Amino acid sequence: MISERTRKKIAREHSERLSAGDIEALLELYAKDATFEDPVGTGALSGHEALRAHLATAVAGNAGETVEDVVVAQDGEQVLAQITAVMDYRPRGPVYADRGWLPTSDATEPAGMRCRYALLLRVGESGLIEDMRAFWGRPDLEVSTDGRAGSFRGLETLPAREAALRQLPYTYARRLEAGDVEGTVALFSEDVVFEDPVGRMKLRGKDALRTHVGHGSAGKVNEILAKPVSSMDGRFVVIRGDARIFVPEKMRMRMITICELNEEGLGVHIQGFWGITDTTFGDDAHKDP
């Protein structure tokens, strides 16, 4: 098993090497037969050659990444980072525009793009990345005419499915905090799989989830959520949260949750990523940094 701190270091190193434009150094982090999907919903590829070609377009666009947060699963393998990437419009911009992924505009060609995304890495016992998945959808892409920080803009109106997808985590948190157990459980399918945290607990079905939600409500959970990202196939929403629990003791968790929804908009698989290094206990747990 790879320690939590080592996995977090690998995730940060991944962004640093990409921002430095060092493709070969970045590939050194990956197993030779590693699989990857970027963005999720477009199909997985495998191997260093395919990965090198994929990374080359990001480097050609002078991509620079800022890691907003990094959390881990408690399975000894996975690490999940929230990232903001800024890059030149070319070479990827025209490709994304042809696919209908970018906001339409009659103005001159944009100068830059910005993408907010979640990067999920699975690290093997060798310490090398065996799988990479990048979660981002159309609403997570923005363009800018001049590349200035305040000039990026994205979709003005979200499609109904996308809006509902991104609303689910907020509805869940609001109902849980209000003590509405049945209303919370109603957001999920009958055969829901609920992992919180990943690597320690896996619940199956609404009855098991109802008990879990009841414990959360009794613990007076309060969660502050950041802006979500999605996937290109409209199946996933990923959101970063700051959860505070009051009972039976004060506890604070930095977490990132991956939610998979079915065609009816109900949650079918929920994965909460947080590790020991993402938690604080005692009186300091509820103090803002």
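This section reports on the structure supplied with the text.

### Observations regarding the nonpolar core
As a rule of thumb, soluble globular proteins bury nonpolar side chains together. By size, the foremost hydrophobic cluster in this structure holds 39 residues, and its most contacted members are Tyr30, Tyr117, Leu121, Met132 and Trp136. When neighbours within four sequence positions are excluded, Tyr30 is seen to be in contact with His14, His48, Leu51, Leu121, Leu128, Ile129 and Met132. The next biggest cluster of nonpolar side chains, apart from the first, holds 24 residues, and it includes Leu176, Phe194, Leu209 and Met253.

### Quick word on the pattern of salt bridges
According to the stated counting rule, one finds 22 salt bridges in the structure shown. Across the pair Glu28 and Arg17 runs a salt bridge, and its minimum N-O distance is 3.9 Å. Of the two residues, Glu28 sits in the loop between helix H2 (23-27) and strand S1 (30-37) while Arg17 sits in helix H1 (residues 4-19), which places them 11 residues apart along the sequence. Between Arg244 and Asp242 there is a salt bridge whose closest N-O contact spans 3.5 Å. Pair check on accessibility: Arg244 and Asp242 agree, each one buried. Within this structure, Lys8, Asp69, Arg254 and Asp278 form a network of salt bridges that share partners.

### Topic: the environment of Gly216
Note that Gly216 resides in helix H7 (residues 206-218). In sequence terms Gly216 and Gly179 are 37 residues apart; their C-alpha atoms lie 8.7 Å from each other. Contact partners of Gly216, with chain neighbours within four places excluded, come to Leu176 and Val221.

The rules behind the values
Residues numbered from 1 in each chain as written. Predicted model: local features only at pLDDT ≥ 70, side-chain atom pairs only at ≥ 80, totals over all residues. Heavy atoms only, no water. Core = buried A, V, L, I, M, F, W, Y, C linked by side-chain atoms within 4.5 Å. Buried < 20%, exposed > 50% of the residue type's maximum accessible area, 1.4 Å probe, protein only. Contact = heavy atoms within 4.5 Å. Salt bridge = Lys/Arg side-chain N within 4 Å of Asp/Glu carboxyl O. Helix = DSSP H or I, 4+ residues; strand = E, 2+ residues; numbered from the N terminus.

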